[in-house]
Amino acid sequence: MAVVTPDLPELFEEAYERAGLEMRTGYDLKTARRSLNLLTLEWQNRGLNLFTIESGTIAVTAGTATYTLPSDTIDIIEHQIRTGTGTNQVDTALERISVATYAQQTNKNTQGRPTQIFVQRLPTETKVTLWSVPDSTTTYTIFYYRLKGIDGLSSGVGDTVTSVPPRFVPCLVAGMAYYLAMKKPQSAGRAAALKQEYEFQFELAAGEDEETASIKFVPFNTFALGG
């Protein structure tokens with residue numbers, strides 16, 4: 001049986017009602033949409049949500065060190081260099097290094113089997129640079145898990161929430177109600193209680209979204225050595 005998720009106009013109306021308000025005009029829709037977009041951006045700063053993890057690969061070209069990840073990438077959290085295919089496929093962990101460590105490499109054009117990866121989280125894109133620069137002795141592929149951004153709304157109100165799993169919808173509504181209350185003077189008295197409810201709902205959703213295995217993905221400059 002499918003989980004029924006209310007469409008966005010219904011979620012907006014619920015958020016307004018919790019804030020003691022009514023959604024009456026086109027501007028009310030516009031400001032709710034803006035609050036939704038800011039809310040999803042805030043979630044990306046709260047840490048790792050498993051529903052935003054996505055795997056991918058990058059075909060490596062001999063002599064080329066730097067590659068660009070998909071535009072909605074926040075960070076890359078696991079990274080291996082892959083050789084071979086099928087039953088002969090081997091993934092070897094890449095050591096993530098800081099800008100200082102990469103800058104201190106005396107010869108950044110040295111070619112060989114890559115062992116390190118330098119990640120640049122730029123304002124409009126995320127890039128990775130391999131060292132050593134891939135050589136032509138074999139075919140390399142970068143295999144990674146990335147933390148991707150949560151889709152927002154560029155215009156209108158849409159039909160359904162497609163980028164947020166149902167378990168996060170109560171948190172979404174609670175957060176929008178709090179955001180709307182902060183913007184409306186007549187709802188200022190409700191803001192503290194709405195914030196408390198929002199934090200409670202986020203804690204519930206994030207707790208459900210935790211990795212249940214003994215190893216957790218953490219978006220930090222750490223690495224694990226592959227066998």
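Here the structure is shown first, and the text comes after it.
The following refers to the structure shown.

How each quantity is defined
- Residues numbered from 1 in each chain as written.
- Predicted model: local features only at pLDDT ≥ 70, side-chain atom pairs only at ≥ 80, totals over all residues.
- Heavy atoms only, no water.
- Pairing = 2+ DSSP bridges.
- Helix = DSSP H or I, 4+ residues; strand = E, 2+ residues; numbered from the N terminus.
- Axes fitted to C-alpha atoms, helices over the stretch in contact; angles between N-to-C directions.
- Parallel < 35°, antiparallel > 145°, perpendicular 65-115°, else oblique.
- Left-handed = near helix turned anticlockwise from the far one by under 90°.
- Contact = heavy atoms within 4.5 Å.
- Nonpolar A, V, L, I, M, F, W, Y, C, P; charged D, E, K, R; others polar.

In space, the four strands of this open sheet follow the order 2-8-7-5, with mixed pairing throughout. Whereas interior strands pair on both sides, the edge strands pair on one side only; in this sheet they are strand 2 (66-68) and strand 5 (95-97). On average, adjacent strands in this sheet sit at an angle of 30° to one another, irrespective of strand direction. In this sheet, strand 8 (residues 126-131) lies alongside strand 7 (residues 116-121) in antiparallel orientation, the contact comprising six bridges. Of the residues in strand 8, the one forming a bridge with Gln120 is Lys127.

Turning our attention to the packing of helix 1 (residues 8-18) against helix 4 (residues 169-183). Running from amino to carboxyl end, helix 1 crosses helix 4 at an angle of 50°, the nearest separation of the two axes being 8 Å. The angle between the axes of helix 1 and helix 4 places the two elements in the oblique class. Like other packed secondary-structure pairs, helix 1 and helix 4 cross with a definite hand, here right-handed. Residues Leu11, Phe12, Glu14, Ala15, Tyr16 and Arg18 of helix 1 pack against Val169, Pro170, Leu172, Val173, Ala174, Met176, Ala177 and Leu180 of helix 4. Residues that form the contact of helix 1 with helix 4 fall into these classes: twelve nonpolar, no polar and two charged.

The next thing to look at is unusual backbone geometry. Going from Trp131 to Ser132, the amide bond is cis rather than trans, its omega being 0°. When you line up the elements, Ser132 lands in the loop between strand 8 and strand 9 (133-134).

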